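Below are the chains, spelled out letter by letter.
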Amino acid sequence: MSSTNQSPEFLSAQKRYLSAKNDEEKLFALEEMLKTMPKHKGAEEMRANLKTRFKKLKLSMEEKKKKKSFSKEGIKKEEMQAVLIGLANSGKSSILSCLTNASSQIADYEFTTRYPIIGMLDFDNTKIQLIDLPAVESEYFDQGIANTADTLLIVIENPSQFEKIFPFLEKTAGSKLIILNKIDLLEEKEKRRMSAFLQSKKYNFILFSSKTKENIHELKEKIWKTFNKIRIYTKQPGKPADSDPVILPEKSTVKDIAEKIFHGLSENIKETKVTGPSSKFPNQKVSLKHTLKDRDIVEFCIK
Ligand SMILES: Nc1nc2c(ncn2[C@@H]2O[C@H](COP(=O)(O)OP(=O)(O)O)[C@@H](O)[C@H]2O)c(=O)[nH]1
Ligand SMILES: [Mg+2]
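Here is what the cut-offs are and how they apply
- Residues numbered from 1 in each chain as written.
- Chains lettered and ligands numbered in written order.
- Predicted model: local features only at pLDDT ≥ 70, side-chain atom pairs only at ≥ 80, totals over all residues.
- Heavy atoms only, no water.
- Helix = DSSP H or I, 4+ residues; strand = E, 2+ residues; numbered from the N terminus.
- Contact = heavy atoms within 4.5 Å.
- Polar contact = N/O pair within 3.5 Å; in protein donor to acceptor, adjacent residues only side chain to side chain.
- Phe/Tyr/Trp six-rings, centres within 6.5 Å; stacked < 30°, edge-to-face > 60°.
- Salt bridge = Lys/Arg side-chain N within 4 Å of Asp/Glu carboxyl O.
- Buried < 20%, exposed > 50% of the residue type's maximum accessible area, 1.4 Å probe, protein only.
- Near = heavy atom within 4 Å.
- Areas by Shrake-Rupley, 256 points an atom, 1.4 Å probe, with all protein chains shown as cover.
- Nonpolar A, V, L, I, M, F, W, Y, C, P; charged D, E, K, R; others polar.
- Domains from an automatic or database assignment.
- Pairing = 2+ DSSP bridges.
- Axes fitted to C-alpha atoms, helices over the stretch in contact; angles between N-to-C directions.
- Arc of directions from axis to C-beta.

Enquirer: Can you help me understand the environment of D296 in this one?
Expert: By the element assignment, D296 lies in strand β11 (residues 296–302). For D296 and P277, which are 19 residues apart along the polypeptide, the C-alpha to C-alpha distance reads 6.0 Å. When residues no more than four places from it in sequence are discounted, the contact partners of D296 are R231, I232, Y233, V274, T275, G276, P277 and S278. Separated by 2.6 Å, the side chains of D296 and S278 make a polar contact.

Below is the structure:
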């Protein structure tokens, strides 16, 4: 950049641009340079050049900001979190749209998902956080989120893809469910062959199509089961049971749920009645040690 015929304001802005320590300083200096540069025709090329530089920098700053806000720190982990993991084009984003109200970009070309996209899967009034991760082969794939997720939903179009995903599962701690997607494109014979293979490996899997949505209820049920939780409906005497369940780990007791909802005041309970899979008959009186099962209704009488 020639420094002849430039105003002192421009030269000082240029100096600040060249010594800028970060993007913000750079952007600010570039803006100053554009404002203070000569207006005459001979400087047109230089103006265009500075403008391009300004735009590029601004764009890259926005991208960085976006990436940061979607990074692991930016995602508040809910009680039940599942991530969709797989190769590009296997249908992860389509599955997210099928199961939640979130929409992720769906496209025929590779690597469309550049940031984790979050959706909520509502299963019988329980909320499951679903995250659509960029494909494993993409530079935007986030191993950290995969490692800490409670559940990994491994999306494949055929069993041979599993091998390519396997290395990314090494440090993961969550339960695994394989979703064999796009079964609308398969012949019955192929479906049977693939099922038999996955079965022989003792994998937890399901056949699915995000296009026809066949098996969608089974898929939701299977996802819920990976968390090893139970839904307990609480009830006040004389009133219907609450429609929002309390979520607890499997094998929780009456004491566990009492502690959770009464914040440690379980000694105030006079009597507990249970109706459901863990009771021998409706309204069975049970002690605090009674072990609950999924879908039990629990009624507390307080002293
Ligand atoms: N036939 C069929 N196509 C699907 C199915 N699921 C996704 N697709 C298509 O596969 C392509 C990639 O899907 P996308 O959800 O973007 O995959 P992602 O890269 O894993 O997120 C798109 O053209 C989708 O329409 C399915 O179940 N059946
Ligand atoms: Mg995608």
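Don't stop here, the text continues.
Enquirer: Even after reading the chapter, I still don't get the packing of aromatic side chains, so can you show me in this structure?
Expert: Here the distance between the centres and the angle between the planes together describe a pair of aromatic rings. According to the stated counting rule, one finds four aromatic pairs in the structure shown. Through pairs of rings, three or more aromatic residues link up here, namely F162, F166 and Y203.

Enquirer: Just checking my understanding: could you explain the pattern of salt bridges for this structure?
Expert: Side chains that carry opposite charge are capable of pairing whenever their charged atoms lie near each other. One pass over the full model with this rule turns up twelve salt bridges. The residue E259 makes a salt bridge to K255 at a minimum N-O spacing of 3.8 Å. One end of the pair is E259 and the other is K255, both in helix α9 (residues 254–262) and four residues apart, which spans about a single turn. Under the relative-accessibility criterion, K255 is labelled partly exposed at 39%. Among the charged side chains, a network of salt bridges with common partners joins D124, R231, D294 and R295.

Enquirer: Would you explain the site of ligand 1 in this entry?
Expert: Close to ligand 1 lie 18 residues; N89, K92, S94, D184 and S210 are nearest. Between ligand 1 and the protein, one listed contact pairs a nitrogen atom with a side-chain N or O atom of S210 at 2.6 Å. Here ligand 1 loses 86% of its free accessible area of 580 Å² to cover by the protein chains. Split by residue class, the shell around ligand 1 holds five nonpolar, eight polar and five charged.

Enquirer: Just checking my understanding: could you explain the domain arrangement of the protein chain for this structure?
Expert: When the parts come together, some accessible area is lost, and that loss is often what is quoted as the size of the interface. Domains assigned within the protein chain are domain 1 (8–70), domain 2 (77–226) and domain 3 (229–302). Its C-alpha centre places domain 1 at a distance of 43 Å from the equivalent point of domain 2.

Enquirer: Would you take a moment to explain the sheet that holds strand β8 (residues 246–249) for this structure?
Expert: Adjacent strands of a sheet pair through backbone hydrogen bonds, lying either parallel or antiparallel. The sheet built from five strands is open, its strands ordered β8-β7-β11-β9-β10 with mixed pairing. Pairing within the sheet leaves two strands with one partner each, and these edge strands are β8 and β10 (284–286). On average, each strand axis in the sheet is inclined to that of its neighbour by 40°, with strand direction left out of account. Sheet topology places strand β7 (residues 229–235) next to β8; four bridges connect them, and they run antiparallel. Bridge pairing in β8 places R231 opposite I247.

Enquirer: Honestly, α9 in this entry has me stumped. Any pointers?
Expert: Residues spaced three or four apart along an α-helix face the same direction, because each turn holds 3.6 residues. Within the span of α9, buried status applies to V254, I257 and A258. Axial view of α9: buried residues confined to an arc of 100°, hence all on one face. Elements in contact with the buried residues of α9: β7, β8, β9 (269–275), β10 and β11. H263 lies just past α9 and shows a positive phi near 50°.

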